[in-house]
Amino acid sequence: MINVTKSFLPPFETYTKYLEGIWSRAHLTNNGPLLLELEEKLKDYFGSEYFIFLNNGTSALQLAIKGLGLTGEIITTPFSYVATTSSIVWENCQPAFADIDPNTLNIDPTKIEALVNPKTTAILATHVYGIPCDVEAIDKIAKKHKLKVIYDAAHAFGVVYKDKMLVNYGDASTLSFHATKLFHTTEGGGLVTNDEAVAHKFSYMRNFGHKGQEDFWGVGINAKNSEFHAAMGLSVFPYIDELIKKRRELTELYDDLLLSGNSGIVRPSIPKGTEYNYAYYPIVLESEKLLLSVRDSLLAEFIQPRRYFYPSLSSLNYVNKYEVPVCEDISKRALCLPLYYELEPDQVKRICQIIRQVLRFKS
Ligand SMILES: *Cc1c(COP(=O)(O)O)cnc(C)c1O
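The shown structure was predicted, so the numbers you read here are calculated from the model rather than taken from an experiment.

### A look at the sheet that holds strand 8 (residues 164-165)
Piece 1. Here 3 strands make up an open sheet; going across it, the order is 8-7-13 and the pairing antiparallel. The open sheet is flanked by strand 8 and strand 13 (274-275), the only strands paired with a single partner.
Piece 2. Sheet topology places strand 7 (residues 160-161) next to strand 13; 2 bridges connect them, and they run antiparallel. Paired with valine 160 across the strands is glutamate 275, a residue of strand 13.

Right, dumping it as structure tokens:
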């Protein structure tokens, strides 16, 4: 079976070396040395003032919303993983969906202002597939209406935009280090911010609100992560350039084999000034019917692509209705093909052959 993704595992001995240290210290969680080392490494890598390691990307979203004190309505994208929307509702806010740009598949900044009303407190946008949102336009709107900006950067690890890491834009960026992501810690996530007061809030909120043993800064939750997860992060981190390079090579091969000769396949476009991370390989087909035949033909050969992202989050049964025709159309036609470190060029060739076979017989 060739799945849409496969977790990268570092050499076994690298991880067990860290385990020996954990065993000798018997310090398993609560700001252990491996966690502090990983936080420092990632903060330097991002070039950010603060990085807070968390147990997953969903609690990162929830802490961002809570920590920035958001209430009322949050303008967001309908084209993302469900956690982007569910976190808003979980924090007792309402999502207001702005339609997406048909080229980048990110939130369309020209659709945002029409949704701003006195209840609006923030914009929560996803850099979908690691493609940068129009951060300048979003920043301008946010300043004008005094809104906070959170980026769901779960796909954007390592992406550079205009000479700085993408995660530094906005009031906070949330990351996921789930096993399926480009960089992972098995389960895990984090928050990037360059604001000291916000970072302080995030860090006490992640640990029950503790201010020392017997005092509390305020309300908190348990969103900490462990030494075992930090050890996985430290073991995977040295490979990040190699992981990105391999994905770039496979992406170029896919492009060569799929985009030539009027295939009708469209790829989302990446804005100028981006150093991309090749996190995913999404294609947009001409119709949902074609997408389903491509998917079924791949499945018949034990190849599992995924409909990232379908359905449009605006169709969830716990949100208010918004008109997002571009997202509704594209979410029916977007498919992510397998892309991971161990995927072989020959396997990419086979996948493309199957897809081109289907497209040849399209009606
Ligand atoms: C994976 C993902 C999340 C959730 O992260 P977890 O670590 O699985 O909780 C949130 N948003 C997006 C866009 C994701 O892809």
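### Points about the environment of lysine 6
Piece 1. One can find lysine 6 in the loop between strand 1 (2-3) and helix 1 (12-25).
Piece 2. Given the relative accessible area of 44%, lysine 6 is considered partly exposed.
Piece 3. The sequence separation of lysine 6 and glutamate 342 amounts to 336 residues, and the corresponding C-alpha distance is 7.7 Å.
Piece 4. Here lysine 6 is in contact with Tyr340 and Glu342, once residues within four sequence places are set aside.
Piece 5. Here the side chain of lysine 6 touches glutamate 342 through a polar contact of 3.0 Å, side chain to side chain.

### Notes on the sheet that holds strand 2 (residues 50-54)
Piece 1. Within the open sheet, the 7 strands sit side by side as 2-10-9-6-5-3-4. Their pairing is mixed. Looking at strand neighbours, the two that pair on one side only are strand 2 and strand 4 (94-97), the edges of this open sheet. Direction aside, neighbouring strands of the sheet carry axes that sit 25° apart on average.
Piece 2. Looking at chain direction, strand 3 (residues 73-76) and strand 5 (residues 120-126) are connected through 4 bridges and run parallel. Across the sheet, residue glutamate 73 finds its bridge partner in strand 5, namely threonine 120.
Piece 3. This element, helix 3 (residues 57-67), spans strand 2, strand 3, strand 5, strand 6 (148-152), strand 9 (172-176) and strand 10 (189-193) of the sheet and lies at about 165° to strand 9.

### Structural notes on the environment of arginine 360
Piece 1. Relative to the elements of secondary structure, arginine 360 occurs in helix 11 (residues 345-360).
Piece 2. Residue arginine 360 is classed as exposed on the basis of its relative accessible area of 57%.
Piece 3. Residues arginine 360 and threonine 121 lie 239 residues apart in sequence; the distance between their C-alpha atoms is 49 Å.

### A word on the nonpolar core
Piece 1. Among the nonpolar cores identified, the biggest contains 74 residues, and Phe79 and Tyr129 are the most heavily contacted of them.
Piece 2. When we break this core down by domain, the ones giving at least three residues each are domain 1 (12-238) and domain 2 (240-362).

### Quick notes on the domain arrangement of the protein
Piece 1. Once the domains are mapped, the protein shows domain 1 (12-238) and domain 2 (240-362).
Piece 2. With 42 residues of domain 1 in contact, the opposing surface of domain 2 contributes 36 residues.
Piece 3. For the pair domain 1 and domain 2, the summed buried surface comes to about 3300 Å²; carbon and sulfur atoms form 68% of the total.
Piece 4. Applying the counting criterion to the domain 1 and domain 2 interface returns 0 salt bridges.
Piece 5. Remark: the boundary between domain 1 and domain 2 carries 11 residue pairs in polar contact (both at pLDDT 80 or more).
Piece 6. Looking at the side of domain 1 that touches domain 2, the elements that each hand over two or more residues are helix 4 (82-90), strand 4 and strand 7.
Piece 7. The class makeup of the residues in the side of domain 1 that touches domain 2 is 28 nonpolar, 10 polar and 4 charged.

### Comments concerning the environment of threonine 14
Piece 1. Mapped onto the secondary structure, threonine 14 falls in helix 1.
Piece 2. Judged by its relative accessible area of 29%, threonine 14 falls in the partly exposed class.
Piece 3. In the structure, threonine 14 is positioned 221 residues away from serine 235 in sequence and 6.1 Å away in space, judged by C-alpha atoms.

### Digging into the site of the ligand
Piece 1. Taken together, 15 residues surround the ligand, and among them Thr58, Asp152, His155, Ser176 and Lys181 come closest.
Piece 2. Contact between the ligand and glycine 57: an oxygen atom at 2.8 Å from a main-chain N or O atom of the residue.
Piece 3. Threonine 58 places a side-chain nitrogen or oxygen 2.6 Å from an oxygen atom of the ligand.
Piece 4. Protein contacts shield 91% of the accessible area of the ligand, which totals 380 Å² for the unbound molecule.
Piece 5. Elements with a minimum of two residues in the shell around the ligand: helix 3 and helix 4.
Piece 6. Each residue belonging to the shell around the ligand can be placed in one class, and the counts come to 3 nonpolar, 10 polar and 2 charged.

Parameters at a glance
- Residues numbered from 1 in each chain as written.
- Predicted model: local features only at pLDDT ≥ 70, side-chain atom pairs only at ≥ 80, totals over all residues.
- Heavy atoms only, no water.
- Pairing = 2+ DSSP bridges.
- Helix = DSSP H or I, 4+ residues; strand = E, 2+ residues; numbered from the N terminus.
- Buried < 20%, exposed > 50% of the residue type's maximum accessible area, 1.4 Å probe, protein only.
- Contact = heavy atoms within 4.5 Å.
- Polar contact = N/O pair within 3.5 Å; in protein donor to acceptor, adjacent residues only side chain to side chain.
- Axes fitted to C-alpha atoms, helices over the stretch in contact; angles between N-to-C directions.
- Core = buried A, V, L, I, M, F, W, Y, C linked by side-chain atoms within 4.5 Å.
- Domains from an automatic or database assignment.
- Buried area = accessible area lost by both parts, 1.4 Å probe.
- Salt bridge = Lys/Arg side-chain N within 4 Å of Asp/Glu carboxyl O.
- Nonpolar A, V, L, I, M, F, W, Y, C, P; charged D, E, K, R; others polar.
- Near = heavy atom within 4 Å.
- Areas by Shrake-Rupley, 256 points an atom, 1.4 Å probe, with all protein chains shown as cover.

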